[in-house]
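# Per-entry structural report
Spelled out from the first residue to the last, the chains are:
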Amino acid sequence: MLRTERMYKLTVIGAKKYLEEVVDALYDLGAVHIKEYEKSDEFFDIGKPFEKSERISKLLMKVRAILSLLPKDVEVDGKRAGSFKKFDELEAWCIEIHEKLEKLHDALRKYTETQEKLKTKAEHLKMLEKLNLKPELLTEYSTIQWKIILTKNDDLVKKLESKAKDVCEFRVAEYDGGKLIAVFYRKDAEKKVNEIMSNYEHAVVELKELEGMEGSPTILKKEVEKELVKVEKEIEKLQEKIKEIAKRVKPILLYWQEVLEEEAEKAEAPLKFATSPNVFMLKGWVPKKNAEKVKKTLEKITNKTIYLKFEEVDEKKENAPVKFAHPKGVDNFQYFMEMYSLPRYSEIDPTLFVALTFPVYFGFILGDVGYGLTSLIAFLLLRQKFPNLKKLMNIFIFSAIMTIVFGFVYGEFFGLNEIAGIKMPVLIHRVHETMDLLLISVAIGIIHVNLGFILGIINEWKLHGFKKALFEKASWLIIEGGVVMYYLASKSYIAIPKETGIAVTLAGVVMLAKGEGIKGVVELPTLLSHTLSYARLMGAGIASAGLAMVIDSIAGQLMAKGSVFVLFAILLVIMGHVMNIMLGIMEGFLHSLRLNYVEFFTKFFIGGGFPYNPFGKKSKMR
Amino acid sequence: MAGDVGLIAIGAGLAIGLGAIGAGLAEASIGAAAVGAFTEKEELFGKGLIMTVIPETLVIFGMVIAIMLMQLAH
């Protein structure tokens, strides 16, 4: 529990003819974290992907291409394998489906284009209908030019009337909330007319697609609309066809997409291996508990013609992947490690300590039976609503339970000292016994910080030997011891001269200077500041309790006034406490986390481990 | 004695208030930098959070002093 999952360093050497079988077996086992081979000697090269790799990726691309052609709103239940015995059959089927779909999409595209054209035609004919103009009139003349424009500005018409009456003729109709104007003007007056129009915002309507049409716009429009209905029916038919195909092929395609993705991963696995013309070699790590199974499987498929070496990891020199090994409950707190940094393989995994301290600190700060119950319910609901935040929500649920426990210690229920009229016993009164609470907080700090130093000694001892552990980490404890001795002696609790304490402290400082250099001596004041920092447990708590009491007392005064004020009082109680709970949760979370990250971790934690990511199906799940 | 209590109260208020101003000034610039780093690289959230809350200790010291001063007043 205090270490991450122990691993063996694994080396596999085998004949190349078994390479594919070995890759398949490793994939199914999903237990070996493969270390990528970096070309480093004259015997081994980086492996090449299997021959089938290219084919598989092409097929995968085809499958994905078809999937992209299918409408997204087609729901399917599950995946089906279909009846393909070989990749050949699948490929042929894919090509067939792809061609069919492309043809349908081509046809669909053409029809949609026609639909668009017909729509504009119908609209333009509608305009002519409003203007009462026949389309054949809109042709080229030798002395006259015309323009059809849309504008929202009525002044344009007035201006044309007053300024250009002599050179132009126009018709006006209401259209789409604006004015539709057909202007016929003399060619030599073009400049003048354009000048007038350019002063007002307008849009020129292009009518190219009406060329060659003759007759009443009303009748023409009806014809166009008839055609439009026909085209829309065709489009619907095509979409229906595509949907039908989608319903049939989507489950099969989804199934094969997954299979091909797996196969592609397998086919590219040799890129991580070292290979010579006849032999392959791979290095990696495997959890100790899986070693036996890996050994048996690989020996079985190669008829014992494979070389397997399971070595202990040399923690002083090597790194290994990190896989947490925690019982249920504690595993939720891995979230905080992932947020900070994974521990190294060789060091103590502090997750258990975080799991023990975080909810307690949280409860210590928020500490209120009512707040605890409310937030417990809220977090239970949130856990259901957001399954991907499950770990974090579980952490909060533990914290909410501790909040209730501390609520009983402080005797607080929504800031009051009673639950439904029954007075609660008070072990520590938060607002009146601040000094006691401060001492408890700092005492917790002393324990937590020193636990950090002890873990630091263990880590250093293991990695760099006793001497380093003594100078770098144990020296802190010696300094602390010296200060305590001096204090006890000066108050004559123990019968030694005060100078002994000073001597021990100085000895500790010298050791620290030797171990960590001047940096260590500069850091000395943190001994005091980090311990006092735990006073936040009390501080943040009093702030939250104080606010709760203020809300309750103001509400009580309002209640006493009666009438409308009762309503205000209820509102104040609800809003005030909701706000205070949210503030309290944020404070509790940040401070509890910070005490772990800053005050505790800095004493021993190195971090920078890399996660265990085994080759196999599971690696995709991550 | 009444005047002394008033002065003690002012002293306690100054201790915590000035500490809070200091912490606020420090956290403002650290927080801005941390958020900048966090948007570039999401893994830095944990470290950014720690850096941001480090100056908070100032307020805690102020609070400890304030509480000790208030004890004098009693």
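Residues numbered from 1 in each chain as written. Chains lettered and ligands numbered in written order. Predicted model: local features only at pLDDT ≥ 70, side-chain atom pairs only at ≥ 80, totals over all residues. Heavy atoms only, no water.

## Points about the pairing of strand 1 (residues 7-15) of chain A
Relative to strand 9 (residues 279-287) of chain A, strand 1 of chain A is paired through nine bridges, and the arrangement is antiparallel. Paired with A:Tyr8 across the bridge in strand 9 of chain A is A:Val286. (Pairing = 2+ DSSP bridges. Helix = DSSP H or I, 4+ residues; strand = E, 2+ residues; numbered from the N terminus.)

## Observations regarding the packing of helix 1 (residues 19-29) of chain A against helix 6 (residues 217-267) of chain A
All names here are of chain A. Packing of helix 1 against helix 6 leaves a shortest axis separation of 10 Å and a crossing angle of 125°. With respect to their mutual orientation, helix 1 and helix 6 come out oblique. Remark: the crossing between helix 1 and helix 6 carries right-handed chirality. Contact with helix 1, carried on its side by Val23, Asp24 and Tyr27, involves Glu262, Glu265 and Lys266 of helix 6 and no other residues of that element. Grouping the amino acids of the contact of helix 1 with helix 6 by side-chain chemistry returns two nonpolar, no polar and four charged. (Axes fitted to C-alpha atoms, helices over the stretch in contact; angles between N-to-C directions. Parallel < 35°, antiparallel > 145°, perpendicular 65-115°, else oblique. Left-handed = near helix turned anticlockwise from the far one by under 90°. Contact = heavy atoms within 4.5 Å. Nonpolar A, V, L, I, M, F, W, Y, C, P; charged D, E, K, R; others polar.)

## Some remarks on a negative patch on the surface
Residue and element names in this part refer to chain A. On the surface, Glu232, Glu236, Glu240 and Glu244 cluster together to form a negatively charged patch. For glutamate 232, the position within the fold is in helix 6. Taking the relative accessible area as the measure of exposure, glutamate 232 reaches 32% and is therefore partly exposed. (Patch = residues over 30% accessible without salt bridge, like charges linked within 9 Å, V, L, I, M, F, W, Y side chains within 5 Å. Areas by Shrake-Rupley, 256 points an atom, 1.4 Å probe, with all protein chains shown as cover. Salt bridge = Lys/Arg side-chain N within 4 Å of Asp/Glu carboxyl O. Lys, Arg positive; Asp, Glu negative; His and termini not counted. Charge placed at Lys NZ, Arg CZ, Asp CG, Glu CD. Buried < 20%, exposed > 50% of the residue type's maximum accessible area, 1.4 Å probe, protein only.)

## Considering unusual backbone geometry
All names here are of chain A. Of note in the backbone geometry, phenylalanine 414 takes a positive phi value of approximately 50° without being a glycine. In this structure, phenylalanine 414 sits in the loop between helix 11 (390-410) and strand 11 (418-419). Within the chain, serine 492 stands out as a residue other than glycine whose phi angle is a positive 45°. For serine 492, a relative accessible area of 61% translates into the label exposed.

## Notes on the side chain of A:Gln115
Residue and element names in this part refer to chain A. As for its position among the elements, glutamine 115 is in helix 3 (residues 87-131). By relative accessible area, which is 12% here, glutamine 115 ends up buried. At 3.3 Å, the side chain of glutamine 115 forms a polar contact with the side chain of glutamate 232. In this view, glutamine 115 contacts Leu228, Val231, Glu232 and Ile235; residues no more than four positions away in its chain are not counted. (Polar contact = N/O pair within 3.5 Å; in protein donor to acceptor, adjacent residues only side chain to side chain.)

## Details of helix 12 (residues 434-464) of chain A
Its 31 residues place the ends of helix 12 of chain A 44 Å apart at the C-alpha level, agreeing with the 45 Å of an ideal helix rising 1.5 Å per residue. Directly beyond the C-terminal end of helix 12 of chain A, a positive phi value near 95° is found at A:Gly465. (Expected span 1.5 Å × (residues − 1).)

## Observations regarding the nonpolar core
Residues and elements named next belong to chain A. Core analysis: the largest hydrophobic core is formed by 48 residues, its most contacted members being Leu90, Trp93, Ile148 and Leu253. Broken down by element, the residue count for this core peaks at 15 residues, all from helix 6. Not counting residues within four places of it along the chain, the set of residues in contact with tryptophan 93 comprises Phe84, Val249, Ile252 and Leu253. Residues Leu342, Ile404, Phe413 and Phe601 belong to the second largest nonpolar core, which totals 43 residues. (Core = buried A, V, L, I, M, F, W, Y, C linked by side-chain atoms within 4.5 Å.)

## Structural notes on the packing of aromatic side chains
To describe a pair of aromatic rings, one takes the distance between the centres and the angle between the planes. Residue and element names in this part refer to chain A. Applying the stated criterion to the full structure yields 35 aromatic pairs over all chains. Note on tyrosine 597 and phenylalanine 601: the rings are 5.8 Å apart at their centroids and 50° apart in plane angle, and the pair reads as tilted. Neither residue differs from the other here; tyrosine 597 and phenylalanine 601 are each classed as buried. Against the face of tyrosine 345 rests arginine 6, its NZ or CZ located 4.1 Å from the ring centre. The ring of tyrosine 8 has lysine 288 sitting right over it, with the charged end atom 5.1 Å from the ring centre. (Phe/Tyr/Trp six-rings, centres within 6.5 Å; stacked < 30°, edge-to-face > 60°. Lys NZ or Arg CZ within 6 Å of the ring centre and 35° of its normal.)

## With respect to the confidence of the model for chain B
Segments scoring low in pLDDT should not have their predicted coordinates read at a detailed level. Looking at chain B, pLDDT values average 86 and 96% of them are 70 or higher. Of all the helices and strands in chain B, helix 2 (residues 45-53) of chain B carries the lowest mean pLDDT, 80, while helix 1 (residues 2-40) of chain B carries the highest, 90. (pLDDT = per-residue confidence, 0-100.)

## With respect to the confidence of the model for chain A
When the pLDDT values of chain A are averaged, the result is 88; 99% of them are 70 or greater. Confidence, read as mean pLDDT per element, is least for helix 19 (residues 617-621) of chain A in chain A (52) and greatest for helix 9 (residues 351-366) of chain A (95).

## As for the layout of surface pockets
Size it by volume and the largest pocket reaches roughly 930 Å³. Lining the largest pocket are 43 residues, with A:Lys473, A:Phe601, A:Thr602, A:Lys603 and A:Phe605 positioned closest to its centre. If you list the elements that add at least two residues to the lining of the largest pocket, you get helix 12, helix 13 (466-490), helix 15 (518-522), helix 16 (526-532) and helix 18 (564-600) of chain A together with helix 2 of chain B. Examining the composition of the lining of the largest pocket, we find that six residues originate from one element, helix 12 of chain A, more than from any other. Among the residues forming the lining of the largest pocket, the class breakdown is 13 nonpolar, 15 polar and 15 charged. (1 Å grid on protein atoms, 1.4 Å probe; cavity = no way out; pocket = protein on both sides within 12 Å on 5 of 7 lines; lining within 4 Å. Points joined across faces, edges and corners; volume = space filled by probe spheres on them.)

## Overview of the packing of helix 3 of chain A against helix 6 of chain A
Packed helix pairs are specified by the crossing angle of their axes together with the interaxial distance, meaning the distance between the axes. Residues and elements named next belong to chain A. In contact at an axis separation of 8 Å, helix 3 and helix 6 are set at 155° when each is read in the N-to-C sense. Relative to helix 6, the element helix 3 lies roughly antiparallel. Viewed along their axes, helix 3 and helix 6 form a crossing whose handedness is left-handed. Class assignment for the residues of the contact of helix 3 with helix 6 results in 27 nonpolar, five polar and 12 charged.

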